[in-house]
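# Per-entry structural report
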Amino acid sequence: MSLEVEGLEVAYGAVKALHGVSLRVEPGEIVAVIGANGAGKTTLLRAISGLLRPSAGRIRLDGQEITGWPPERIVALGVIQIPERRQLFASMSVEDNLRLGAYLRLRRGERKAVEADLERVYALFPRLKERRRQTAGTLSGGEQQMLAIGRGLMASPRILLLDEPSLGLAPLLVQELFRIIADLRRQGLTLLLVEQNARQALRTADRAYVMETGRVVREGPAAALLEDPAIQAAYLGGAPTSLPAPHPSEVASYARPTRAAASGDAAVGEHGDGRDHAGR
């Protein structure tokens with residue numbers, strides 16, 4: 001599934017969160033969106049998912065415009081968001097959380113396919129199978145993130161939107177998480193990844209966009225951005241800097257669709273303590 005966002009603008013009351021954001025995701029790609037707290041990354045995902053209504057701009061899936069559609073219609077198309085901070089049902093079991101991810105499919109009578117996908121999720125995350133009767137709220141931070149991704153996969157997504165999946169995880173778990181994300185792409189899944197861990201995101205993605213204060217200020221192949229001195233200074237451990245905005249023609253070239261094969265952060269911020277919380 002291809003995704004195209006063109007000139008998107010979103011506001012919270014009088015506060016504009018997105019200013020003419022454009023991007024594209026081709027089938028089978030991992031595309032990363034990086035930037036600091038308040039850059040507009042989560043707002044972008046929420047607008048794509050239908051949780052926020054844009055004031056201007058267009059969103060297309062496989063050429064079909066879905067701007068302003070309600071979330072349930074967008075989910076039915078196969079666009080699934082893994083939200084920041086997981087948002088699990090803490091008092092329900094691991095397995096019940098997973099089955100809830102397939103609620104539309106179960107309503108359509110796809111019970112046999114759902115059971116097969118449940119076993120695939122358990123194969124991908126063996127720890128979840130070990131803890132399938134345990135309540136979600138008692139899992140560690142890493143296990144909860146596995147569960148959030150597993151729940152999204154149970155919806156049989158065509159494109160997966162990941163919002164800060166490494167937030168609060170220990171370094172070893174972050175490495176494992178990005179290995180799984182790369183594996184999902186190799187299985188043919190299309191992914192749009194919003195992530196503050198710029199180094200890991202750029203190492204994993206095919207292409208990337210850099211956002212500052214609700215605008216795309218840089219874009220290109222992820223490997224090239226990883227070696228860009230300005231990106232290194234701003235996001236990879238160097239001295240803070242501000243990236244120059246691209247020329248409008250450069251933005252337009254990346255926003256045009258090709259035939260390649262294959263939550264309101266600006267208003268309230270995205271915060272995490274950087275720790276993996278042990279099971280309680």
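Being a predicted model, the structure only gives us computed values, none of them experimental.

## Some points on the overall build of the protein
On a plain count of helices and strands, the protein comes out with 13 helices and 10 strands. Taken across its 280 residues, the protein has 52% of its residues classed as buried. In the form shown here, the protein has an accessible surface area of approximately 12,600 Å², with 52% of it arising from carbon and sulfur atoms.

## Points about unusual backbone geometry
Across residues other than glycine, the phi torsion is negative in most instances, and most of the peptide bonds are trans. Residues other than glycine seldom take positive phi values, yet E164 does so here, at roughly 50°. The class for E164 is buried, based on a relative accessible area of 2%. Positive phi is not limited to glycine here, since T213 has a value of about 45°. Within the secondary structure, T213 is located in the loop between β9 (207-212) and β10 (215-221).

## Re helix α8 (residues 171-186)
Between its first and last C-alpha, α8 extends 23 Å over 16 residues, near the 22 Å set by a 1.5 Å rise per residue. Turning to α8, its buried residues number three or more, namely V174, L177, F178, I180, I181, A182, D183 and L184. In the core, the buried residues of α8 are packed alongside β3 (30-34), α5 (111-124), α7 (141-153), β7 (159-163), β8 (190-194) and α9 (198-204). G188 sits one or two positions beyond α8 and adopts a positive phi of about 105°.

## With respect to the pairing of strand β4 (residues 56-61)
Direction of pairing for strand β1 (residues 3-12) relative to β4: antiparallel, over a ladder of five bridges. Looking at β4, one finds that E4 is bridged to R60. With two bridges joining them, β4 and strand β5 (residues 64-65) adopt antiparallel strand pairing. The partner of L61 across the bridge, within β5, is Q64. Counting the residues that bridge the hairpin from β4 to β5 gives two residues, and of these D62 lies at a positive phi of roughly 50°.

## Some remarks on the pattern of salt bridges
Scanning all chains against the criterion turns up 23 salt bridges. The salt bridge partner of K129 is E119, with a shortest N-O separation of 3.7 Å. Of this pair, K129 sits in helix α6 (residues 126-130) while E119 sits in helix α5, and the two are 10 residues apart along the sequence. If you follow the salt bridges from partner to partner, you end up with R105, R108, E110, D117 and R120 in one network.

## Notes on the side chain of R151
In this structure, R151 sits in helix α7. There is no salt bridge for the buried R151, and the closest opposite charge comes from D163, which lies 11 Å off by N-O distance. When residues no more than four places from it in sequence are discounted, the contact partners of R151 are P83, R86, Q87, L88, F89, N97, L98 and G101.

## Topic: α5
Taking 1.5 Å of rise per residue, 14 residues should cover 20 Å, and α5 covers 20 Å from first to last C-alpha, within 8% of that figure. When we look at burial in α5, the residues that qualify are V114, D117, L118, V121 and Y122. Burial along α5 is one-sided: seen end-on, the buried residues are contained in an arc of 145°. Away from its buried face, by an angle of more than 90 degrees, α5 presents the exposed residues K112, R120 and A123. Considering only its buried residues, α5 is in contact with α3 (94-100), α4 (103-107), α6 and α7.

Definitions and cut-offs
- Per chain, residues are indexed from 1 in the order of the written sequence.
- At least 70 in pLDDT is required for a residue's local features to be given in this predicted model, at least 80 for side-chain atom pairs to be given and counted, and no such filter applies to totals for whole chains, interfaces and linings, which use all residues.
- Note that water and hydrogens are dropped before the side-chain values are worked out from all heavy atoms of the structure.
- Only DSSP runs of H or I with at least four residues qualify as helices, and only runs of E with at least two residues qualify as strands; both kinds are numbered from the N terminus onward.
- Burial status follows relative accessibility: with a 1.4 Å probe on protein chains alone, a residue under 20% of its type maximum counts as buried, one over 50% as exposed, and anything between as partly exposed.
- Using the Shrake-Rupley algorithm and a 1.4 Å probe, accessible areas are obtained, with residue cover drawn only from the displayed protein chains.
- To estimate how far a helix should extend, the number of its residues minus one is multiplied by 1.5 Å.
- By definition, residues are in contact when any of their heavy atoms lie within 4.5 Å.
- DSSP-based pairing: two strands are paired if at least 2 bridges between them are found.
- Whenever a carboxyl oxygen of Asp or Glu lies within 4 Å of a side-chain nitrogen of Lys or Arg, that contact is scored as a salt bridge.
- Only four residue types enter the charge count: Lys and Arg as positive, Asp and Glu as negative, with His and the chain ends excluded.
- Working definition: the arc comes from the directions between the helix axis and the C-beta atoms, pointing outward to the latter.

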